[in-house]
Amino acid sequence: MINELKELCLLDGISGDEGAVREYIISQIGDKAEVTVDNLGNVIAFCKGKKTPRNKVMVSAHMDEVGMIVTYINADGTLKISPVGGIDPRVVFGKRVCVGNNNVTGVVGGVAVHNLSADERKQSVPFDKMTVDIGADSREEAQNLVRLGDSVRFVSPFCEFGKGFVKCKAIDDRAGCAIMLRLIKEGVEYDTYFTFVVQEEIGLRGSTCAAYTVAPDYAFVLESTTAADIPSASGDKRVCELGKGPVVSFMDRHTIYDKEMYDLAFDTAKMNNIPCQTKTMVAGGNDAGAIHVSRGGVRITAVSLPCRYLHSPCCVINKSDFENAYVLTKLLLDRTYNK
């Protein structure tokens, strides 16, 4: 799956501009599933199994990544930007980016440090004070390269380092997409719906539509979630930790997860000697927030990868958690089809 993850992460697809990711996914599963694309851009893949289950089951992950969008072109040819999704501005300043359909190289900058006041130096540079330098000398030159509304994506090489760690942009949630692609390619015992959804980062929009279309009884959301297992955090503030297995949450800011399914996940992990953990804070959210209240309600579980530096150019996961998330999801599916 690591090679699949690399292919997916190096594609660009901020919210609302997921086309490259969608095309790649369809190219990988076209002969393995009945594929449709809805009006919002979600990929809905129905995989016919050997048997028809009692329950309609859906597995979902989002294709989009966080990034920025061009809002204005300054007279000097630099660009003003706004965030697309929840991004800490501290991870943006000074980074290399790629802009628009022409893949124009840019660097995020702003007022030089020696021109800042003492108070300004103590604060992160806000988005409205940042500019993207694309090497243009004027607005007219810049307009030949980019336009308002163009997506601005982080440029971040994929690399493996340390003891099983992987770093890249967009691991949230291309990791979930990679797990789903593996499940589809291997084939399923029972009929299963897989939804690769858009615009999660700006309000769970794609999953709202996909869940309404599929109308599942049970759904599994495959995600990445914030780990703060660094020296400056201790106790519950670490939230979850890399290397301790996939994360199954009991609650976040959008969802109280199905308690029976929560227990089933940990029971399944224990029975199969799979490390598994939960989050020690009620925080964040994912597509489960939209899916579980769709139509008449959906019984929901989220299986997430612990990820350091989420929503940055340098998301970091552990390969063992990635593999164990796949194994746990596959086993949970087997126990859910005919509950």
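About the criteria used
- Residues numbered from 1 in each chain as written.
- Predicted model: local features only at pLDDT ≥ 70, side-chain atom pairs only at ≥ 80, totals over all residues.
- Heavy atoms only, no water.
- Core = buried A, V, L, I, M, F, W, Y, C linked by side-chain atoms within 4.5 Å.
- Buried < 20%, exposed > 50% of the residue type's maximum accessible area, 1.4 Å probe, protein only.
- Contact = heavy atoms within 4.5 Å.
- Helix = DSSP H or I, 4+ residues; strand = E, 2+ residues; numbered from the N terminus.
- Arc of directions from axis to C-beta.
- Polar contact = N/O pair within 3.5 Å; in protein donor to acceptor, adjacent residues only side chain to side chain.
- Phe/Tyr/Trp six-rings, centres within 6.5 Å; stacked < 30°, edge-to-face > 60°.
- Lys NZ or Arg CZ within 6 Å of the ring centre and 35° of its normal.
- Axes fitted to C-alpha atoms, helices over the stretch in contact; angles between N-to-C directions.
- Parallel < 35°, antiparallel > 145°, perpendicular 65-115°, else oblique.
- Left-handed = near helix turned anticlockwise from the far one by under 90°.
- Pairing = 2+ DSSP bridges.

**As for the nonpolar core**
No. 1: Within the largest apolar cluster, 55 residues are counted, with the highest numbers of intra-cluster contacts made by Ile25, Phe194, Phe196 and Phe322.
No. 2: Excluding residues within four positions of it along the chain, Phe322 makes contact with Met1, Ile2, Leu5, Ala175, Ala178, Ile179, Leu305 and Ile317.
No. 3: Counting residues in hydrophobic clusters, the runner-up holds 21 residues, among them Met68, Ile73, Met130 and Phe154.

**Digging into helix 6 (residues 205–214)**
No. 1: Looking only at helix 6, the buried set comprises Gly206, Ser207, Ala210, Ala211 and Val214. Down the axis of helix 6, the smallest arc covering the buried residues is 120°, so these residues share one side.
No. 2: Against the buried residues of helix 6 lie strand 2 (43–47), strand 3 (57–62), strand 12 (192–197) and helix 8 (288–291).
No. 3: Of the residues flanking the end of helix 6, it is Ala215, one or two places downstream, whose phi is positive at about 55°.

**With respect to the side chain of His62**
No. 1: Mapped onto the elements of the fold, His62 is located in strand 3.
No. 2: On the basis of relative accessible area, His62 is assigned to the buried category, the value being 1%.
No. 3: Within the structure, the side chain of His62 is placed 3.0 Å from the side chain of Asp64, a separation counted as a polar contact.
No. 4: Side chain to side chain, His62 and Glu223 meet in a polar contact 3.0 Å long.
No. 5: Dropping the residues within four chain positions of it, His62 is found in contact with Asp172, Asp173, Cys177, Val197, Glu200, Glu201, Glu223 and Asp287.

**Here's the deal with the packing of aromatic side chains**
No. 1: Under the counting rule described, the total for this entry stands at five aromatic pairs.
No. 2: With 4.8 Å between their ring centres and 45° between their planes, Phe46 and Tyr193 make a pair best called tilted. Pair noted here: Phe46 is in strand 2 and Tyr193 is in strand 12, with a separation of 147 residues, a long-range link.
No. 3: Judged by its relative accessible area of 17%, Phe46 falls in the buried class.
No. 4: Here the aromatic cluster, defined as three or more aromatic residues joined through ring pairs, consists of Phe250, Tyr262 and Phe266.
No. 5: The aromatic ring of Tyr326 is capped on one face by Arg182, whose charged end is 3.7 Å from the ring centroid.
No. 6: Cation over ring: Arg295 sits above Tyr212, and NZ or CZ is 3.8 Å from the ring centre.

**Focus: the packing of helix 5 (residues 171–186) against helix 9 (residues 319–336)**
No. 1: Running from N to C, helix 5 and helix 9 point in directions that differ by 50°, and their axes come no closer than 10 Å. Between helix 5 and helix 9, the angle falls in the class oblique. The two elements helix 5 and helix 9 meet at a crossing, and its hand is right-handed. Mapping the contact onto sequence places Ala175, Ala178, Ile179, Arg182, Leu183 and Glu186 in helix 5 and Phe322, Glu323, Ala325, Tyr326, Thr329, Lys330 and Leu333 in helix 9.

**Observations regarding the sheet that holds strand 15 (residues 299–307)**
No. 1: Spatially, the seven strands line up as an open sheet ordered 1-2-12-3-13-15-14, and their pairing is mixed. Strand pairing shows two members of the sheet lacking a second neighbour, strand 1 (34–37) and strand 14 (247–248), which therefore form its edges.
No. 2: Contacting strand 2, strand 3, strand 12, strand 13 (218–226) and strand 15, helix 5 crosses the sheet at an angle of about 140° to strand 13.
No. 3: Together, strand 2, strand 3 and strand 12 form the strand contacts of helix 6, whose direction differs from that of strand 12 by roughly 160°.

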